[in-house]
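Spelled out from the first residue to the last, the chains are:
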Amino acid sequence: MAADETRDGVSLTNLDQPLFDGADATKRDLVDYLDAVAGRMVPVLRDRPLSVIRVRPGQEPFMQKNLPKYAPDWVRSVTVWADSSRRQVTYALCDDRRTLLWFANQRAVEYHPALYAGEHPTHMVLDLDPPEHDSFAPAVRGAHLVRQALADCGLAGAVKTSGAKGLHVFVPVVPGTAMDDLAAATRALAARAERLDPSLATTAFIREDREGKVFLDSTRAGGATVAAAYSPRIRPGVPVSFPVAWDELDGVRPGEFTIRTAVERLGEGDPWAEYMPAPQALPADLVEEGHTIPVARVQAMHEGKRRARARRVD
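Below: a short report on this structure. (Residues numbered from 1 in each chain as written. Predicted model: local features only at pLDDT ≥ 70, side-chain atom pairs only at ≥ 80, totals over all residues. Heavy atoms only, no water.)

## Considering the overall build of the protein
Selection criterion: Only DSSP runs of H or I covering at least 4 residues are called helices, and only runs of E covering at least 2 are called strands; the numbering of each starts at the N terminus. Atoms counted for the radius of gyration: C-alpha only. Globule rule: 2.2 Å times the number of residues to the power 0.38. Buried, partly exposed and exposed residues are distinguished by accessible area as a fraction of the type maximum, computed with a 1.4 Å probe on protein chains only: under 20%, between the cut-offs, and over 50%, respectively. When checking whether two residues touch, look at their non-hydrogen atoms; a contact exists if any pair is within 4.5 Å. Here, Shrake-Rupley sampling with a 1.4 Å probe gives the accessible areas, and only protein chains in the shown set may cover a residue. When charges are tallied, Lys and Arg are placed among the positive residues and Asp and Glu among the negative ones, while His and the ends of the chain are skipped. Where a charge sits is defined by one atom per residue type, namely NZ (Lys), CZ (Arg), CG (Asp) or CD (Glu).
If you tally the helices and strands in the protein, you get 8 helices and 15 strands. At 20 Å, the protein has a C-alpha radius of gyration in line with the 20 Å of a compact globule built from 314 residues. Projected onto the principal axes, the alpha-carbon positions of the protein cover approximately 60 × 45 × 45 Å. Here the protein holds 314 residues, and the buried ones make up 55% of them. Partitioning the intrachain contacts of the protein with sequence separation of at least 6 by distance along the chain shows that 71% fall at a separation of at least 24. Total accessible area computed for the protein in this model is approximately 14,800 Å², and 50% of it derives from carbon and sulfur atoms. Charge-centre separation for the protein: the mean point of 39 positive side chains lies 6 Å from the mean point of 43 negative side chains.

## Quick look at the packing of helix α3 (residues 136–152) against helix α4 (residues 179–196)
Keep this limit in mind: To get an axis, fit a line to the C-alpha atoms, keeping to the stretch in contact for a helix; angles then go from 0 to 180 degrees between the N-to-C directions. By the definition adopted for this analysis, an angle is roughly parallel if under 35 degrees, roughly antiparallel if over 145, roughly perpendicular if from 65 to 115, and oblique otherwise. Crossings are assigned a handedness: left-handed for a near helix turned anticlockwise from the far helix by less than a right angle, right-handed for a clockwise turn.
The N-to-C vectors of α3 and α4 enclose an angle of 115 degrees; their axes lie 8 Å apart at closest approach. Relative to α4, α3 is oriented roughly perpendicular. In this structure, α3 crosses over α4, and the sense of that crossing is right-handed. Listed contacts from α4 to Leu-145, Val-146, Gln-148, Ala-149, Leu-150 and Asp-152 of α3 are Leu-189, Arg-192, Ala-193 and Leu-196.

## A short note on the side chain of Asp-127
Our working definition: Pairs of N or O atoms within 3.5 Å make up the polar contacts considered here, provided that, within protein, one atom can donate a hydrogen while the other can accept it, and that residues adjacent in sequence are counted only when both atoms are side-chain atoms.
Position of Asp-127 among the secondary structure elements: in strand β10 (residues 123–129). In this structure the side chain of Asp-127 is engaged in a polar contact, spanning 2.6 Å, whose partner is the side chain of Arg-220. In this view, Asp-127 contacts Leu-167, His-168, Phe-215, Leu-216, Asp-217 and Arg-220; residues no more than four positions away in its chain are not counted.

## Regarding the layout of surface pockets
Here is the rule we go by: Lining residues are defined by having an atom within 4 Å of a point belonging to a cavity or pocket. Those points lie on a 1 Å grid over the protein atoms alone, cavities being sets where a 1.4 Å probe fits but cannot get out and pockets being open sets with protein on both sides within 12 Å along at least five of seven lines. Grid points are joined across faces, edges and corners, and a volume is the space filled by probe spheres set on the points. When residues are grouped by polarity, Ala, Val, Leu, Ile, Met, Phe, Trp, Tyr, Cys and Pro land in nonpolar, Asp, Glu, Lys and Arg in charged, and all others, Gly among them, in polar.
Estimated volume of the largest pocket: approximately 630 Å³. Counting residues per element, the lining of the largest pocket draws most heavily on strand β5 (residues 77–82), at 4 residues. Across the lining of the largest pocket, the residue classes tally to 12 nonpolar, 7 polar and 4 charged. Of the volumes computed, that of the second largest pocket is approximately 470 Å³. If one sorts the elements of the lining of the second largest pocket by residue count, β10 sits on top with 3 residues. When its residues are assigned to classes, the lining of the second largest pocket shows 6 nonpolar, 6 polar and 10 charged.

## Regarding the nonpolar core
Selection rule: Residues grouped as a nonpolar core are buried Ala, Val, Leu, Ile, Met, Phe, Trp, Tyr and Cys residues, joined through side-chain atoms within 4.5 Å.
Among the nonpolar cores identified, the biggest contains 87 residues, and Leu-45, Phe-103, Tyr-111, Met-124, Leu-128, Val-146 and Leu-167 are the most heavily contacted of them. No other element matches helix α1 (residues 27–45), which puts 10 residues into this core. Filtering out sequence-adjacent residues up to four positions away, Leu-45 remains in contact with Leu-50, Cys-94, Leu-100, Tyr-111, Pro-113 and Ala-228.

## As for the sheet that holds strand β14 (residues 214–217)
This is how the line gets drawn: Criterion used throughout: strands pair if DSSP finds at least two bridges between them.
In spatial order, the strands read β13-β14-β10-β12-β11-β15; together these 6 strands make up an open sheet with mixed pairing. Here the strands that pair on one side only, and so sit at the sheet edges, are β13 (201–202) and β15 (243–244). In terms of strand pairing, β10 meets β14 through 3 bridges, oriented antiparallel. Looking at β14, one finds that Asp-129 is bridged to Phe-215. α3 contacts β10, β11 (158–161), β12 (167–172), β13 and β14 of the sheet and is inclined by roughly 15 degrees relative to β12. Seen against the sheet, α4 touches β10, β13 and β14 and runs at an angle of roughly 40 degrees to β10.

## Regarding α3
Rules: Helix span is expected to be 1.5 Å times the residue number reduced by one.
In this model, α3 (17 residues) spans 25 Å end to end at C-alpha, consistent with the 24 Å of a helix rising 1.5 Å per residue. Where α3 is concerned, the buried positions are Phe-136, Pro-138, Ala-139, Val-140, Gly-142, Ala-143, Leu-145, Val-146, Ala-149 and Leu-150. Buried residues along α3 sit against β10, β11, β12, α4, β13 and β14. At the C-terminal side of α3, Gly-154 shows a positive phi close to 80 degrees.

## Observations regarding the pairing of strand β3 (residues 50–54)
By the criterion of burial, β3 is predominantly enclosed, with 5 of the 5 residues buried. Residue alternation in β3 divides its side chains into two sets, Leu-50, Val-52 and Arg-54 and Ser-51 and Ile-53, and both sets are buried. By the bridge criterion, 5 bridges tie β3 to strand β7 (residues 108–113) in an arrangement that is antiparallel. Bridging across to β7, Arg-54 finds its partner in Ala-108.

If you want it as structure tokens, here you go:
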């Protein structure tokens, strides 16, 4: 088979090159996988500012936010003010198969869309990070805590593997949800899940304070991104972020979903769309509680400074 070809008007080059060290896959494998899941993946990327992680031969992976000037004129974009870097960033919008194939040819392996479309947030997200690289089981138990906390306040969500070592729980919210209320509700949800089993889960943002527990990361609201459903990850074997039914979660091993196995597992279905509940209004008491909880990053910054001062005194 030729090393170059064209699909949907996109020139694909060097397809037989290794994807990255440890991938056990070629660039063609990446292109073929993304092409096969385009019908499922594009809907979770559409209209969302997109960051990608690319890996060039012989180089370390890097995150690309700004759309390159050499991008085809048919790749849509949106310019957004980035508070963190204090500058305008022109993000790509991956709205169709052709754009996804173009990114694949750029060796974009990971796809990290914003959690808002247009000007409105669309999902509340908790990122569950287990304490050790090989300890997926605690993340599963943590996800069940989050599900229970959601049920206790009349909400429901969908869960997927992160493609790395943890899990993501997504809760779709109704249009018009205020960003600060969404962020507050996310903090409160994490706190409620932690209270269900404080020996298992923690909301401690500072790593040394987590005591070997599952970290319930509530900081994804606002301008943060999360690896998209079906996105490959730059890890040995090229695992992908894969939707899982709640009643099947206990039997899942994250390494079983890769660019070589995921398409067959999917069949003709789109489980992320199938498992996702309808958009929901945030309960007022959840939002109110969240507004009393300090923003984790800000609290951690102040605590870090306090500890540094204490060390200097000692």
